[in-house]
Structures are given as C-alpha cells and as structure tokens.
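Fold and contact review
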Amino acid sequence: MILCNSMTGDSLPVRRLRPAELVKSYDHIGIAAPMVRYSKLPFRMLAQEYGAHITHTPMILAQEFGLSATARDSDFTVRPDERGLFRAKGRRISCLSETARTRLEMMGEAVPGDAMVADADHLVQGCMVIQFAASEPVALADAAELVAGHVDAIDINCGCPQSWAYKECIGSYLLRQPDKVRNLIRGVKLRLGEDFPVHIKIRIDTDPQLTAQLMTTAVEAGAELITVHGRTRNQPSDSVPVNLSGIQHAVQVGRKLGVPVVANGDIFCLDDARRTLEQTGADAVMAARGLMSNPCLFAGYKSTPGHGINRFVELAVTTGFNTGLFHRTVAHMTVDGLPKSDALRMNAHPSIASLIEHVAKLYPVA
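Parameters at a glance
Residues numbered from 1 in each chain as written. Predicted model: local features only at pLDDT ≥ 70, side-chain atom pairs only at ≥ 80, totals over all residues. Heavy atoms only, no water. UniProt positions renumbered as here; feature names shortened; annotations may be inferred. Core = buried A, V, L, I, M, F, W, Y, C linked by side-chain atoms within 4.5 Å. Buried < 20%, exposed > 50% of the residue type's maximum accessible area, 1.4 Å probe, protein only. Helix = DSSP H or I, 4+ residues; strand = E, 2+ residues; numbered from the N terminus. Domains from an automatic or database assignment. Contact = heavy atoms within 4.5 Å. 1 Å grid on protein atoms, 1.4 Å probe; cavity = no way out; pocket = protein on both sides within 12 Å on 5 of 7 lines; lining within 4 Å. Points joined across faces, edges and corners; volume = space filled by probe spheres on them. pLDDT = per-residue confidence, 0-100. Nonpolar A, V, L, I, M, F, W, Y, C, P; charged D, E, K, R; others polar. Salt bridge = Lys/Arg side-chain N within 4 Å of Asp/Glu carboxyl O. Polar contact = N/O pair within 3.5 Å; in protein donor to acceptor, adjacent residues only side chain to side chain. Pairing = 2+ DSSP bridges. Axes fitted to C-alpha atoms, helices over the stretch in contact; angles between N-to-C directions.

- In the nomenclature of an unreviewed UniProt entry, the protein chain corresponds to DUS-like FMN-binding domain-containing protein from the organism Mixia osmundae.
- Regarding the protein chain, the UniProt comment filed under Cofactor (unreviewed entry) reads as follows: "FMN".

**Points about the nonpolar core**
- Judged by nonpolar contacts, the single largest core of 108 residues is most densely connected at Ile29, Phe132, Ile185, Ile200, Ile202 and Phe312.
- Top contributing element to this core by residue count: helix α9 (residues 208-221), with six residues.
- Two domains each provide a minimum of three residues to this core, namely domain 1 (14-299) and domain 2 (306-362).
- For isoleucine 200, the contacting residues outside a window of four places in its chain are Asp155, Ile156, Cys158, Val181, Ile185, Ala218, Leu225, Ile226 and Thr227.

**Notes on the environment of proline 137**
- Mapping proline 137 onto the fold places it in helix α6 (residues 137-147).
- The exposure class of proline 137 is partly exposed, given its relative accessible area of 26%.
- Separated by 46 residues in the primary sequence, proline 137 and asparagine 183 have C-alpha atoms spaced 6.1 Å apart.
- If near-sequence neighbours (up to four positions away) are discounted, proline 137 is found in contact with Asn183, Leu184 and Gly187.

**Regarding empty space enclosed by the protein**
- Considering all chains together, one arrives at one cavity of 30 Å³ or more under this definition.
- Considering only enclosed or pocket space, the largest cavity measures out at about 40 Å³ in volume.
- For the largest cavity, the full set of lining residues is Pro19, Ile31, Ile54, His56, Val129, His199, Leu225, Thr227, Val262 and Met286.
- Those elements that place two or more of their residues in the lining of the largest cavity are β4 (52-61) and β11 (225-229).

**Comments concerning the confidence of the model for the protein chain**
- Residues with a pLDDT of 70 or more make up 93% of the protein chain, whose mean pLDDT is 91.
- A low-confidence stretch, residues 1-9 stays under pLDDT 50, and its non-local contacts, those more than four residues away or across chains, total 24 contacts.

**Side note on the layout of surface pockets**
- If you add up the space inside the largest pocket, you get close to 780 Å³.
- Pro34, Pro161, Arg203, Ser237 and Ala288 are, among the 33 residues lining the largest pocket, the residues nearest its centre.
- Put simply, the parts of the chain that give the lining of the largest pocket at least two residues each are β4, β10 (198-203), β13 (284-287) and α12 (289-293).
- Partitioning the lining of the largest pocket into residue classes produces 17 nonpolar, ten polar and six charged.

**Digging into the pattern of salt bridges**
- Throughout the structure, instances matching the rule amount to 24 salt bridges.
- Here arginine 83 makes a salt bridge to aspartate 152, at a shortest N to O gap of 2.7 Å. Of this pair, arginine 83 sits in the loop between α4 (69-75) and β5 (85-89) while aspartate 152 sits in the loop between α6 and β9 (153-158), and the two are 69 residues apart along the sequence.
- Among the ionic pairs, aspartate 142 bridges to arginine 191, the shortest N-O distance being 2.8 Å. Within this pair, whereas aspartate 142 is found in helix α6, its partner arginine 191 is found in helix α8 (residues 178-192), the two being separated by 49 residues in sequence.
- With relative accessibility at 34%, the residue aspartate 142 sits in the partly exposed group.
- You can call arginine 191 partly exposed: its relative accessible area is 33%.
- Linked by salt bridges that have partners in common, Glu49, Arg103, Arg311 and Glu314 make up one network.

**Examining the environment of threonine 211**
- Relative to the helices and strands, threonine 211 is located in helix α9.
- Overall, threonine 211 belongs to the buried group, its relative accessible area being 4%.
- Along the chain, threonine 211 and leucine 175 lie 36 residues apart, while their C-alpha atoms are 7.7 Å from each other.
- In this structure threonine 211 touches Ile202, Ile204, Asp205 and Ala250, once residues within four positions along its chain are discounted.
- Engagement of the side chain of threonine 211 in a polar contact is seen with the backbone nitrogen of aspartate 205, the distance being 3.1 Å.

**Side note on the sheet that holds strand β8 (residues 127-133)**
- Taken in spatial order, the eight strands line up as β3-β4-β8-β9-β10-β11-β12-β13 and close into a barrel, and their pairing is parallel. Within this sheet the neighbouring strands show an average axis-to-axis angle of 25°, counted without direction.
- Alignment of β8 against β9, held across four bridges, turns out to be parallel. Within β9, the residue paired with valine 129 across the bridge is alanine 153.

Okay, here's the thing in structure tokens:
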C-alpha cells in the first residue's frame, strides 16, 4: 500500500507487521503495557501517537468476556485508525506517529529529533494487542475468536500478582503451571489457526530454571513473543526495584529459543528504557506506571506536555470515555507538570465539561 504524506507530498510504502516481527525488525520499539482502567481506546491512541508502537488493552477476563455482551462493550472498544503510522528506514523508526508529527508541526511545536527520520523510505503501522486472563483453554479460545479480526495478537496474562487472580487460577498462578499455559496457547491456535500470533506476559521466578521451563513450553506450544516483568509474584512494584539480571536470564533463554523477549518494569523515562535495553539485551521495553503519568515518554518528554494533554481530551471526547476514568487519567497526566494544588483540583470537577474547561485554561492552544 502507498500513502502520500500530506506535509511533504512524499509517497511512502506502508509495512504492516505482526508485533513479534515489528520488535525484531526495528530498534527502540516502545510498548504500552496492559493497564487496568487506563489502557482504553483514547489512552492507547495517545500513547501510540507519542511513540508506543505497540499498545495493549487492559487485562480482560476471558470467561466473562465470552459470556457477556455487557462485559465486551465495557472492556473492548477499538477503532480501525487507532494504529499509528511511523516513518522508518533500516532499523530506525520514528518516536512519533505521522498524525502527531504533522499536528506538532502545524502548531509550531518543536518535534523531537528522533521523530524526523528525514531520509525515511517507508512507513510502519503500529500494532494493538488484546490481553486475556484465563485458566481454561475453551474459554480463552471463545474470547479470542470474538476479537481475532480486530487485533494483531492475543497476549495471555501469566503474571498478575493480585491474590484474587491467584485464587482464580489466572495470572501469576500460571507461572509454575507450564502445562496449563501450553494448553491455553494450543486452544487459541487450534481455534484460530497456527499462524495467529499468541504472546505471554510473565514474571521472573525465584528459581530461574522454572522461568526457562515455562518459556520453553510456551514457545514449543506456539508463543512468538514473551514479555518478562523483572519481579517475582510476591514482590510489590512500589517498594522492590526491578531485577534486571532476572530479565537478562530470560532474554538469554529467549535467544536459545529464537523468540523475542520484551523487558518490563520501572520504565519511567527514555533513559530508563535505554538502560534496561543495554543491561538486559532485551529486544524492546514495555512501560506501565511510567506511561500512566506520562504517555508521551517514548517520544522523549520528561512529563506530559500540554499538547499531549489537550490531545487526550480531544480523543476522549470523540471516542466516548467514562467520566471517572477521564478524571483519573487527566489527573495522573498532570501530576508531574503542575503544582500539587492544581493537580489535586483535577479530581474536584463535577463533570467532564468543567474539567475540559479547566484543562483549556491551564494548557491554552496557541
């Protein structure tokens, strides 16, 4: 497919790759993690515009999703145009989508140097992945079948550390259940075909051999990308630093298996991303909490810029967004860029309309 760049008149071919191929083909791929409540459509669109080349839905319970239309309407909203297009050449890829780059240039805003790729010879389309939590292969396959035509891959959550998830035999319960993970992957493959992309997201184990066993079993079953969070099931993210050597071990296992490994944990800025790549050898990095407060971090911004906040408001209004989530998301985005009193005031607005008015005063559009 050939698209014409409206700013330059250049016609560039578009590459569409599955997520694992995207990670293997380009350097510094940014990935937005599955985040409960946050990874909804407008947030995903914003994150992708600002350098998250691969985005995820929130973790969705497969059984409820397959059985309830209400759950599907609540948890899964997509748009054909939510995947961005990025300028690229060789292994270099832009940290801004063409939508964002064009918008910033029209506004007279500075465009990060890594976004230009002035000698680009093609565009690359970003990817969107749905993450399911499941314990039964049939329930997962049923849910996967419902969304297969709308997503670029299925990711199986094998790392959620919450106690309720463990009791339900999902999330981190699966870390020491390689046979169950194999059956989940095989269930999706048998239903959708061997070529349909399936990923898993795991945590490191106190016993590295168990991590290797889980990864090996998953890859043999058909998993083509593995994300590794550098903490064990019992280590909280807010008090235990990420274990980069644990991720490095998983990366080495991935090399032997021929599967890309994504590093996850404590990515709060672009320097964190680069350091994690250097110290672990991972193929890409995934950010979660860092993106909640700064969905523009992969584009190199230290905090969410005003044009990013205004863009989120625009996307939230045009796509429809829950009022409570709107308040919470905007409050998180502004916490690092505003005085604490102003940031706290974000949650005091009685309606989306009054919050939009407040944001417009704080971040006027030139």
